[in-house]
Amino acid sequence: TYYAAGFAAQREERIKQSLRHFEQAAGAYMKTSPPRRLRAADARLRMGLIYSVVLEGEDEAERAFRAGLALLDGHEQLAGAPLMIGQLRQQLIQLLDAQKKWGEVRDEARALIAWAEPRGDGAAVGRAHNFLASALLNLGDRAGAIAALEKGITALEGVDGEDALRKMMKANLRALKKK
């Protein structure tokens, strides 16, 4: 399949060929009956990661992540869709943060929080609040950044595997409150 060929090409460091295979996979999955949206979105996630991490193609990465989200818009009930949506949104926010697009980081982080809170995804909520705090601080909203860190720390309480992030957020919060 194109999807497997994408991974094989990536392992062999044939990056452009890998991207082409993942693009073909996304299209092929959407042509099946019924469309395999989750697989197509995963192919878009892989494309976004290759563009952002390997090729430093931020615009292409953003388009890939947004295309993956669009494939799942209105299809959150599909098995595995919530996890994929969370991954796509977090990768998009991380990409925008690296580009210092603070207004977009703020908006996307708020969208992720609004999406993840009702689903009880404390890890996604906590991470999104961390990015939101960074964006707000860079936009000059210190009080908003403090509030975002506080909410993020609370969201991460009891979430397995998030101790390091929670500790870092607590340290950042203490530093912000001292100023």
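For clarity, every value in this text was computed on a predicted model and none was experimentally measured. (Residues numbered from 1 in each chain as written. Predicted model: local features only at pLDDT ≥ 70, side-chain atom pairs only at ≥ 80, totals over all residues. Heavy atoms only, no water.)

Let's talk about the side chain of Glu108
For Glu108, the location among the structural elements is in helix H6 (residues 102-116). With a relative accessible area of 14%, Glu108 lands in the buried category. (Helix = DSSP H or I, 4+ residues; strand = E, 2+ residues; numbered from the N terminus. Buried < 20%, exposed > 50% of the residue type's maximum accessible area, 1.4 Å probe, protein only.)

Quick notes on a negative patch on the surface
Among the surface-exposed residues, Glu56, Glu58, Asp59 and Glu60 lie close enough to one another that they form a single negatively charged patch. Note on placement: Asp59 falls in helix H4 (residues 58-72). Taking relative accessible area as the criterion, Asp59 reaches 47% and is therefore assigned partly exposed. (Patch = residues over 30% accessible without salt bridge, like charges linked within 9 Å, V, L, I, M, F, W, Y side chains within 5 Å. Areas by Shrake-Rupley, 256 points an atom, 1.4 Å probe, with all protein chains shown as cover. Salt bridge = Lys/Arg side-chain N within 4 Å of Asp/Glu carboxyl O. Lys, Arg positive; Asp, Glu negative; His and termini not counted. Charge placed at Lys NZ, Arg CZ, Asp CG, Glu CD.)

Notes on the side chain of His129
Within the fold, His129 resides in helix H7 (residues 122-138). Excluding residues within four positions of it along the chain, His129 makes contact with Ile113, Glu117, Ala148, Lys151 and Gly152. (Contact = heavy atoms within 4.5 Å.)

Quick word on the pattern of salt bridges
Here the structure, examined in full by the defined rule, presents twelve salt bridges. The salt bridge partner of Arg44 is Glu23, with a shortest N-O separation of 2.9 Å. Note that Arg44 is positioned in helix H3 (residues 37-54) and Glu23 in helix H2 (residues 15-31), a separation of 21 residues in sequence. Among the residues examined, Arg44 registers a relative accessible area of 17% and is labelled buried. Glu23 sits in the partly exposed class, given a relative accessible area of 37%. Each of Glu62, Arg66, Arg89, Lys101, Glu104 and Glu108 takes part in one network of salt bridges that share partners.

Examining the nonpolar core
Counting 52 residues, the largest nonpolar core has Phe65, Leu88, Val105 and Leu112 as the members making the most contacts within it. For this core, the elements supplying multiple residues, two or more each, are H2, H3, H4, helix H5 (81-98), H6, H7, helix H8 (142-156) and helix H9 (163-178). (Core = buried A, V, L, I, M, F, W, Y, C linked by side-chain atoms within 4.5 Å.)

Thoughts on H3
Two residues of an α-helix separated by three or four positions point the same way, owing to the 3.6 residues in each turn. Given a rise of 1.5 Å per residue, 18 residues ought to cover 26 Å, and the 25 Å separating the end C-alpha atoms of H3 matches this to within 8%. Residues of H3 that are buried include every one of Ala40, Ala41, Asp42, Ala43, Arg44, Leu45, Met47, Gly48, Ile50 and Tyr51, and no others. Looking at the residues trailing H3, positive phi occurs at Glu56, about 55°. (Expected span 1.5 Å × (residues − 1).)

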